[in-house]
Amino acid sequence: HGRIKVKTTLEQQEAKRKEREKKLQLYVSATQAALNKREVGQLDKEALELTAQILALNPDFASLWNLRREVYLALGTERSEEEIRTLYVGELSFLESCLRVNPKSYGTWYHRCWVMQHMPEPDWSRELQLCNRFLEIDERNFHCWDYRRFVTQSSHVPDADELDLTSSLITKNFSNYSSLALPQQTAPQDSP
């Protein structure tokens, strides 16, 4: 009669349930495929693609970050330094997208430290800018502050400069205890 049929609440709920179920099936199958590749020692770009699909949705999946490190270590033995650098630059971009999903993901920040330690000629100034952007969003993100301490130590930023920054941020917001200059946690080692 010229009227558009509007789904009922029950129909909408059922459609959402089916969509969630479909996403879950894709998530589970990609996870299983990635872990199977690890089990049989296929540490290749396909493993990176599978883990990226999952980590883009759930960046707090520690086993998959470990798998990515294993893949990078394996690729490092087969590729030129320039190819590895290109892969690591892409990994930093991927990590940034994961941080937009969850800016307080331990695994993502830890993996970023690991990548920077293994990257030929890391761009520390870019990393400081990244920290600044994330701290503008949430000045109390202690995960980002920990990473910033790693970056400033690795790039030899003078302690006085960092003290000036943290002092100014504490002056702006005295409850910003995350910006206090605490000792750097142990940086990630070479193990995956």
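Below is a short write-up of the structure. (Residues numbered from 1 in each chain as written. Predicted model: local features only at pLDDT ≥ 70, side-chain atom pairs only at ≥ 80, totals over all residues. Heavy atoms only, no water.)

### Let's talk about the overall build of the chain
Check the secondary structure of the chain and you find 8 helices and 0 strands. A buried classification covers 36% of the 192 residues belonging to the chain. Surface summary for the chain: the accessible area is close to 11,800 Å², and the carbon and sulfur share equals 54%. (Helix = DSSP H or I, 4+ residues; strand = E, 2+ residues; numbered from the N terminus. Buried < 20%, exposed > 50% of the residue type's maximum accessible area, 1.4 Å probe, protein only. Areas by Shrake-Rupley, 256 points an atom, 1.4 Å probe, with all protein chains shown as cover.)

### Details of the nonpolar core
Membership of the largest hydrophobic core comes to 41 residues, with the highest contact counts inside it found for Leu55, Leu64, Tyr88, Trp109, Met116, Tyr147 and Phe150. Per-element accounting of this core gives the leading share, 8 residues, to helix 4 (residues 81-101). Each residue touching methionine 116, except ones within four places of it in the same chain, is listed here: Leu92, Pro122, Asp123, Trp124, Glu127, Tyr147 and Phe150. (Core = buried A, V, L, I, M, F, W, Y, C linked by side-chain atoms within 4.5 Å. Contact = heavy atoms within 4.5 Å.)

### Re a negative patch on the surface
Where like charges cluster on the molecular surface, the negative patch consists of Glu81, Glu82, Glu83 and Glu121. With respect to the helices and strands, the residue glutamate 81 is situated in helix 4. (Patch = residues over 30% accessible without salt bridge, like charges linked within 9 Å, V, L, I, M, F, W, Y side chains within 5 Å. Salt bridge = Lys/Arg side-chain N within 4 Å of Asp/Glu carboxyl O. Lys, Arg positive; Asp, Glu negative; His and termini not counted. Charge placed at Lys NZ, Arg CZ, Asp CG, Glu CD.)

### Quick word on unusual backbone geometry
Look at glutamate 121: it is not a glycine, yet its phi comes out positive at around 55 degrees. Along the chain, glutamate 121 turns up in the loop between helix 5 (106-118) and helix 6 (124-137). By relative accessible area, which is 62% here, glutamate 121 ends up exposed. Positive phi values are uncommon outside glycine, yet histidine 156 reaches one of about 60 degrees. Of note, histidine 156 is situated in the loop between helix 7 (142-154) and helix 8 (159-172).

### A few points about the environment of leucine 92
Its location among the elements puts leucine 92 in helix 4. Taking the relative accessible area as the measure of exposure, leucine 92 reaches 6% and is therefore buried. Excluding its chain neighbours within four sequence positions, the residues that come into contact with leucine 92 are Arg112, Val115, Met116, Met119 and Glu127.

### Digging into the pattern of salt bridges
Side-chain pairing between opposite charges can occur once the charged atoms of the two side chains come close. This model, assessed by the stated rule, comprises 14 salt bridges. In this structure, aspartate 146 and arginine 149 form a salt bridge, with 2.7 Å as the shortest nitrogen-oxygen distance. With aspartate 146 and arginine 149 both in helix 7 and 3 residues apart, the pair spans about one turn of that helix. As far as burial versus exposure is concerned, aspartate 146 and arginine 149 are alike and both buried. Salt bridges linked by common partners bring Glu96, Arg100, Arg112, Arg126, Glu127 and Arg133 together as one network.

### Looking at helix 6
In this model helix 6 runs 20 Å from its N-terminal to its C-terminal C-alpha over 14 residues, within 8% of the 20 Å that 1.5 Å per residue would give. Burial in helix 6 covers these residues: Trp124, Glu127, Leu128, Leu130, Cys131, Phe134 and Leu135. Along helix 6, the residues classed as buried sweep out an arc of 155 degrees about the axis, all on the same side. Among the exposed residues of helix 6, those pointing more than 90 degrees away from its buried face are Glu136 and Ile137. In this structure, the buried residues of helix 6 make contact with helix 4, helix 5 and helix 7. (Expected span 1.5 Å × (residues − 1). Arc of directions from axis to C-beta.)

Any functional reading would require information beyond the geometric quantities listed.
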